[in-house]
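Notes for the structure review
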Amino acid sequence: MDHQLMNVLLAILQTLLFIILAPLLAGWLKRCKCYLQNRKAPSLMQPYRDLLKLTHKQPVVSKQASWLFVISPYIIFSAMVLAAAVVPLIAVDLPTAAGADVIVLVGFFAFARFFLALAGLDVGTAFGGMGSSREMTISSLAEPAMLMAIFTLTMTASTTNLSYAIAHVLGEGMVLRPSFIFALFALVLVAIAECGRIPVDNPATHLELTMIHEAMILEYSGRHLALIEWASQLKLMLYGVLIANIFFPWGIAETLTLQDLGYGLLAIVGKLALLAIVLALSETLFAKMRLFRVQEYLSFAYLLGLLGMLSHIILEASR
Amino acid sequence: MNIEQLDLYTQIILSLAGLIMLTSFIMLGQGRLLRLVFVFALQGLLLVLATALAAYSFSNHHLYISAAITLVLKVLFIPWMLRGHILKLNMHRDVEALNNKTTIMLGGASLVIFSYYVLHPILADSTIVLLNALALSLAVVLLGMLLMISHRQAIAHVVGFMSIENGLFFAAIVSTRGMPMVVELGVAFDVLVAAVLFGIFFLHISNSIDTLDVDRLNRLSEEDE
């Protein structure tokens, strides 16, 4: 009983760690980008300061907005927190991760996105509706690609539970799988599209012609905006952790001793820092696509996921 | 037999086979000629790695020579030559609008399934690596053909042709542990001569119709008159 209680506590601690580290990752990403673009970088703590500043401000809500507009930030943030509870960060086999599988995770993402799009539509501004329609277009194409990539993993581990699947990959040791190469590429492409990073969307500008995420949250201010910003930072970190822990799971704690957990924390921080450097590099190198080319990009991601699944079934499964 | 029970060599060969197929797909969707040539060089590099690995693992030393020939020809010389043609004919700024890219890509995916379907009964009692690598090389050959069908620029056709040759070469490496040296030298020189001849053809086509878009060749027929 005592043991179980500790596991639950650890799971809560891990989720809290997720929530606390997410703005740090965003700050680090911004810093890398600034270095690459010869700009002076803001401090790593800047995202925290921004969030704090926003929570102190009074939120302004339009008269036309309904209750949906006001509760949406809370729903989106809680959906992301729940999603964070499902993804193993520093240890596998925690009770929250064992309770929900990867399809639930995709469900949380879809749920948050649904409310974000509703909130964008709710105030009735031109930009809000435009952003919502663009977001739904992109996500309807990105979701199958993501599921395809994740099914490759789950078929390899023959479980849809993320925690067990990671433990399975870890247990096999060093195995080169062609299917994982494809799934990795597919998941990276989907992550870039879903988090609104540069070839698809640019989160740093408010350019009317191209904005997607920003268009939906244009009407938000104060603590509502803070919650939504935090949720999108969490989403970025969730995708980063998914990529890092599924495909490079080494270092994650398998036993719940203090030493292993410490190593797990160090490992994931290192992996995320590296991943952020790669992302910053790609954002500096590539230009933003036209909106109507996004479907080509996402169909390529889907194709990669499909090829990953095919390589798993054909190349790797026993005959 | 599952993949985790195979040795590291087999795993690397399978992964390289997968990556070679991936480069074929990237070429299929590429509208810019310089990038197309770059990806082609990348495919050649993967082929060189596979050959060198096969040479090391079978301790078959003449395969090192074919790896070196492939490196010089398909990674350095032919891409360099094609690049020169593209720059000279001032085609590096053109983006070829592929009609219906998604359909072409999914067609490519079905070609992969098709090549497995075809090869599965033939090689039912061979080793897993042989079956997979052969199926993937057949897929690379078919994807090269699809590249030639779907693109309109003559340079893309040449790249498709060369990648068909890449697929055949890979099949030879994994299935028979390398062709005899004489055959390989002959093929290498054939490819070299083909590349030079293509260069001459490019000049002639672009001199006479002022573009390398092969759809425009139809205008020479009498239907237009």
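No experiment lies behind these values; they were computed from the predicted model shown.

1. Some points on the environment of alanine 98 of chain A
Residues and elements named next belong to chain A. For alanine 98, the position within the fold is in helix α4 (residues 95-99). Overall, alanine 98 belongs to the partly exposed group, its relative accessible area being 32%. Along the sequence, alanine 98 and alanine 191 sit 93 residues apart, while their C-alpha atoms lie 23 Å from each other. What alanine 98 contacts, discounting residues up to four positions off in sequence, is Asn161 and Tyr164.

2. Observations concerning helix α7 (residues 162-172) of chain A
All names here are of chain A. Leu162, Ser163, Ala165, Ile166, Val169 and Leu170 are the residues of α7 that are buried. Buried residues of α7 fall within an arc of 165° about the axis and therefore sit on the same side. Where the residues of α7 are buried, they touch α4, α5 (102-122), α6 (126-157), α8 (178-194) and α10 (222-247). The opening residue of α7, the one whose side-chain oxygen lies 2.9 Å from the backbone nitrogen of serine 163, is asparagine 161. Immediately beyond the C-terminal end of α7, within one or two residues, lies glycine 173, with a positive phi of roughly 80°.

3. A short note on the packing of helix α1 (residues 2-36) of chain A against α10 of chain A
All names here are of chain A. For the pair α1 and α10, interaxial distance at closest approach is 8 Å and the crossing angle is 85°. Classified by the interaxial angle, the pair formed by α1 and α10 is roughly perpendicular. On α10, the residues touching Phe18, Ile19, Leu21, Ala22, Pro23, Leu25, Ala26 and Leu29 of α1 are Trp230, Gln233, Leu234, Leu236, Met237, Leu238 and Val241. Residue composition of the contact of α1 with α10, by class: 14 nonpolar, one polar and no charged.

4. Here's the deal with the confidence of the model for chain B
All names here are of chain B. A residue-level look at chain B finds 91% of positions with pLDDT of 70 or above and a mean pLDDT of 85. Across chain B, helix α2 (residues 33-58) holds the top mean pLDDT of 92, while helix α7 (residues 181-209) sits lowest at 84. Complex prediction metrics read pTM 0.89 and ipTM 0.84.

How each quantity is defined
Residues numbered from 1 in each chain as written. Chains lettered and ligands numbered in written order. Predicted model: local features only at pLDDT ≥ 70, side-chain atom pairs only at ≥ 80, totals over all residues. Heavy atoms only, no water. Helix = DSSP H or I, 4+ residues; strand = E, 2+ residues; numbered from the N terminus. Buried < 20%, exposed > 50% of the residue type's maximum accessible area, 1.4 Å probe, protein only. Contact = heavy atoms within 4.5 Å. Arc of directions from axis to C-beta. Polar contact = N/O pair within 3.5 Å; in protein donor to acceptor, adjacent residues only side chain to side chain. Axes fitted to C-alpha atoms, helices over the stretch in contact; angles between N-to-C directions. Parallel < 35°, antiparallel > 145°, perpendicular 65-115°, else oblique. Nonpolar A, V, L, I, M, F, W, Y, C, P; charged D, E, K, R; others polar. pLDDT = per-residue confidence, 0-100.

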